[in-house]
Amino acid sequence: MTTFCMMKLFCQATRNENRYAKRFFGTLLTQTPEKKVFSPFWMVVPDPRKSAVFGLTQPLCTAEKSHTEPKRKAAFGSVGRRIPYRILHVINQDGESLGNMHRAEVLKLMDQHDLKLVLLRENAEPPVYRLMTGQQIHEEQLKRAEKKKASPKPGMVQKELSFSSAIAKNDLETKTKQIAQWIEKKHHVKLTIRQAKDSNTDMLVLFDQILETVSEKATYLSKPKVTREGVSTCILRHMSDKELKAHQKMEKQKNSTVKEEENEDLKSNELHQ
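Because the structure is a prediction, the values reported are computed rather than measured. (Residues numbered from 1 in each chain as written. Predicted model: local features only at pLDDT ≥ 70, side-chain atom pairs only at ≥ 80, totals over all residues. Heavy atoms only, no water.)

J.: Which residues make up the confidence of the model for the protein, and what values go with them?
T.: Confidence in the prediction of the protein, expressed as mean pLDDT, is 77, and 67% of residues score 70 or more. Below pLDDT 50 for its whole length, residues 34-45 participates in 29 contacts with residues either more than four positions away or in separate chains. Here residues 50-70 is a poorly scored stretch, pLDDT under 50, and it has 28 contacts once near neighbours within four places are set aside; other chains count. (pLDDT = per-residue confidence, 0-100. Contact = heavy atoms within 4.5 Å.)

J.: Please set out the sheet that holds strand E4 (residues 97-102) residue by residue, giving values where relevant.
T.: Strands sit in the order E4-E3-E6-E5 across an open sheet of four strands; the sheet is mixed. Either end of the sheet is taken by a strand with one partner, and the two such strands are E4 and strand E5 (116-121). For this sheet, the mean inter-axis angle between neighbouring strands, taken without regard to orientation, is 35°. Pairing of E5 with strand E6 (residues 128-132), which is carried by five bridges, proceeds in the antiparallel orientation. Paired with Leu119 across the bridge in E6 is Tyr129. In the packing of helix H2 (residues 103-113) onto the sheet, the strands contacted are strand E3 (87-91), E4, E5 and E6, and the crossing angle to E4 comes to about 120°. (Pairing = 2+ DSSP bridges. Helix = DSSP H or I, 4+ residues; strand = E, 2+ residues; numbered from the N terminus. Axes fitted to C-alpha atoms, helices over the stretch in contact; angles between N-to-C directions.)

J.: A description of the pattern of salt bridges should follow, citing residues and the corresponding values.
T.: Taken as a whole and assessed by the stated rule, the structure comprises four salt bridges. Put simply, Glu140 and Arg144 hold a salt bridge, and the shortest N to O gap is 3.2 Å. Of the two residues, Glu140 and Arg144 are both situated in helix H3 (residues 134-150); the distance of four residues between them amounts to about one turn of the helix. Here Glu140 falls in the partly exposed class, since its relative accessible area comes to 24%. Looking at Arg144, the relative accessible area reads 40%, which means it is partly exposed. (Salt bridge = Lys/Arg side-chain N within 4 Å of Asp/Glu carboxyl O. Buried < 20%, exposed > 50% of the residue type's maximum accessible area, 1.4 Å probe, protein only.)

J.: Can you break down helix H5 (residues 203-213) residue by residue, with the values?
T.: Within the span of H5, buried status applies to Met203, Leu206, Phe207, Ile210 and Leu211. The buried residues of H5 all sit within an arc of 140° when viewed along its axis, so they share a single face. At its buried positions, H5 is contacted by strand E7 (158-164), helix H4 (169-184), strand E8 (188-194), strand E9 (218-228) and strand E10 (231-238). Looking at where H5 begins, the residue whose side-chain oxygen comes 3.0 Å from the main-chain nitrogen of Leu204 is Asp202. (Arc of directions from axis to C-beta. Polar contact = N/O pair within 3.5 Å; in protein donor to acceptor, adjacent residues only side chain to side chain.)

J.: Describe the sheet that holds E9, and please don't skip the residues or the numbers.
T.: Read from one edge of the open sheet, four strands run E7-E8-E10-E9, paired in mixed fashion. Sheet topology places E7 and E9 at the edges, where each strand pairs with a single neighbour. Strand-to-strand twist across the sheet, computed as the mean angle between neighbouring axes with direction ignored, equals 15°. In this structure, E7 lies alongside E8, joined through seven bridges in parallel fashion. What sits directly across from Glu160, in E8, is Lys190. Sitting on the sheet, H5 touches E7, E8, E9 and E10, and the angle it makes with E9 is about 160°.

J.: Could you give an account of the packing of H4 against H5, with specific residues and numbers?
T.: Interaxial distance between H4 and H5 falls to 9 Å at its minimum, and their mutual angle equals 55°. In terms of orientation, H4 and H5 fall into the oblique class. Classified by chirality, the crossing of H5 by H4 is right-handed. Of H5, the residues touching H4 (which contributes Leu172, Thr176 and Ile179) are Leu206, Ile210 and Thr213. For the contact of H4 with H5, the residue count by class is four nonpolar, two polar and no charged. (Parallel < 35°, antiparallel > 145°, perpendicular 65-115°, else oblique. Left-handed = near helix turned anticlockwise from the far one by under 90°. Nonpolar A, V, L, I, M, F, W, Y, C, P; charged D, E, K, R; others polar.)

As structure tokens, this is what we get:
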């Protein structure tokens, strides 16, 4: 009788363990997966045929973090000899199209003429490359840097003034006052001067004269240059605090030098008298 009761209790305990195990794992399986990374934890796994087993589970990851970053635009320059494309559309150093070529032929041209290969448009079909000399690449890099420097930054206000090289003196004074007000507000000021007919005024000298009137606070962001025939431009900006201090220091030194020279002239005149 005792043996029968013990067997009955053992079977009941086994059924209870199976029921609890199904409930536990059924709940885990029916839960909505979340994008979380779980750290390792210890789990007790009931088994009616074996004793309780303790084990270290592996981290459960329901979502992998993407490490893909947006592709940055490559800087302008030589790509070297490692060309990822078999067929390229090639432009020579003079800007003339050579059509589609196999990369082996391109490498041969590079070796024959001591040229470098520069990527122009990667999204084209086939990608567009240009053969250039080292000097050409350097000059193009300088142009792009100057253009980037001259373009207004986000949030920066750029004002524009355009006038003729034959501008009257009073009109020029009015415009320089307007420039000074904009510089005071730390705006960029783009100046465009058109060469007037029958005018011998040097436009580059005129730019320097305008800068001289606001030289205490302004300097060139983009130096004067000829954009097309008869038209020149430049961009002025407010000096930084560091530049202002350096400018003021230089002006003090210049003034002290002038005073010393004047004193020496006075002393020499007194001696001659």
